[in-house]
Amino acid sequence: MSWFKRKTKGITTTTEEKKDTPKGLWYKSPTGKVVDTEELEKNFYVSPEDGYHVRIGSKEYFEILFDDNKFKELDANLDSKDPLKFEDTKKYPERLKAAQKKTNLKDAVRCAVGKSKGKDLVIACMDFAFIGGSMGSVVGEKIARAADYALKNKLPLMVISKSGGARMMEAALSLMQLAKTSVKLAQLAEARLPYISLCTDPTTGGTTASFAMLGDINISEPGALIGFAGPRIVRDTTGKELPEGFQTSEFLLEHGFLDFITLRRDLKNNVNKYIDLILNEPLRA
């Protein structure tokens, strides 16, 4: 006689009663390394197994860069309109609402001012989770306003780029943001106020063609994809095989497009060191 006998056929456990492992308890990096998410967070969202820098958003960057995570958000309620009445598989306003609900963000960039190592710093940080970090009118306007705030208050500006490029749903209006942001950065330069550009994974398209490459210091995180068009497009257009590591931050550093690559754990110290050097001020400890 069997020691166990099922009384009823089939599985009777309801979904609510199942004891599954909670989602997000572990993170698997692209190299196959598995890391506890709490350990990942404590390590600045970098896999301690292989040094892979996990994609993060404005919330996490603000936590890393602002002292005690204290800051004032600028133009928080600015959101996109639909002047072109654009529609693909769904209407643009519907896509915006879906992205806002999914990410709890108004658009693909957040701007804030706060203390970083004891001194005020203006930061504009892009979020890839919002329609691929695409650059629309709101992104350009918020970065321009962040630059205006820095100009008015004589503060340094930092932009953290993480973008798939211009937002197709805004067509030419999106492309106009390249010129708008570039003009504002030129005004910062005339006022001798530092502008630090951090390129993270990925930084592509019109973002790369404008503010992402106009910093007094252009820096990046290890292994970030940075370029105008993606590797596949470049390969198909040129008809040639690309060099190993093409469009990685390491490749760009070697060829003079970047000044430095910084580990995320050193980001706060390095950014403020660069600002002090540009302003010819004593380095903060």
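For the structure, see preceding data.
Sequence order as written defines residue numbering, which begins from 1 separately in each chain. It should be noted that, the model being predicted, local features are given only for residues of pLDDT at least 70 and side-chain atom pairs only at 80 or more, the latter also being counted only at that level, while totals for whole chains, interfaces and linings use all residues. The basis for every side-chain value is the complete set of heavy atoms in the structure, and neither hydrogens nor water enter the calculation.

(A) Summary view of the pattern of salt bridges. Any Lys or Arg side-chain nitrogen found within 4 Å of a carboxyl oxygen on Asp or Glu counts as a salt bridge. Going through the model one piece at a time under the given rule, you end up with 17 salt bridges. Among the ionic pairs, K59 bridges to E63, the shortest N-O distance being 2.8 Å. Taken together, the residues K59 and E63, both in helix α2 (residues 58-65) and four residues apart, mark about one turn of the helix. The partner of R145 in a salt bridge is E141, with the nearest N and O atoms 2.8 Å apart. Of this pair, R145 and E141 both sit in helix α4 (residues 137-153), four residues apart, which is roughly one turn of that helix. We count a stretch as a helix when DSSP gives it H or I for four or more residues in a row; a strand needs E for two or more, and each element gets its number in order from the N terminus.

(B) Structural detail: the sheet that holds strand β9 (residues 260-261). The pairing criterion for strands is at least two bridges between them, as found by DSSP. Spatial ordering of the open sheet is given by β3-β4-β5-β6-β7-β8-β9, a layout of seven strands whose pairing is mixed. With one partner strand each, in any of the chains shown, β3 (72-74) and β9 form the two edges of the open sheet.

(C) Focus on the environment of Y195. On the secondary structure map, Y195 appears in strand β7 (residues 195-203). Per-residue accessibility, obtained with a 1.4 Å probe over protein chains only, is compared with the maximum for each type, and a residue is labelled buried under 20%, exposed over 50%, and partly exposed between these values. Taking the relative accessible area as the measure of exposure, Y195 reaches 2% and is therefore buried. Whether two residues are in contact is decided by their heavy atoms, any of which lying within 4.5 Å being enough. The contact partners of Y195, leaving out residues within four places of it in the chain, are L157, V159, L185, L188, F211, A212, L214, G215, D216 and I217. In this structure the side chain of Y195 is engaged in a polar contact, spanning 2.6 Å, whose partner is the backbone oxygen of F211. Nitrogen and oxygen atoms within 3.5 Å of one another constitute a polar contact, given that in protein one can donate a hydrogen and the other can accept it, and given that sequence-neighbouring residues count only through two side-chain atoms.

(D) Molecular detail of the packing of aromatic side chains. Paired rings are identified among Phe, Tyr and Trp, the last through its six-membered ring, by centres lying within 6.5 Å, and are further divided according to the angle between planes into stacked (under 30 degrees), edge-to-face (over 60) and tilted (the rest). In total, this model carries five aromatic pairs according to the counting rule given. Taken together, a centroid distance of 5.3 Å and an interplanar angle of 55 degrees make the contact between F62 and F66 tilted. Centre to centre, the rings of F260 and Y274 are 4.9 Å apart; their planes meet at 15 degrees, and the pair counts as stacked. Within this pair, whereas F260 is found in strand β9, its partner Y274 is found in helix α8 (residues 267-279), the two being separated by 14 residues in sequence. According to the relative accessible area criterion, F260 is partly exposed, its value standing at 37%. You can call Y274 buried: its relative accessible area is 7%. Taken together, F62, F66 and F71 form an aromatic cluster joined through their ring pairs. Looking at R55, its charged tip hangs above the ring of F128, at a distance of 4.7 Å from the centre. Consider the ring centre and the ring normal. A charge sits over the ring if Lys NZ or Arg CZ is within 6 Å of that centre and within 35 degrees of that normal.

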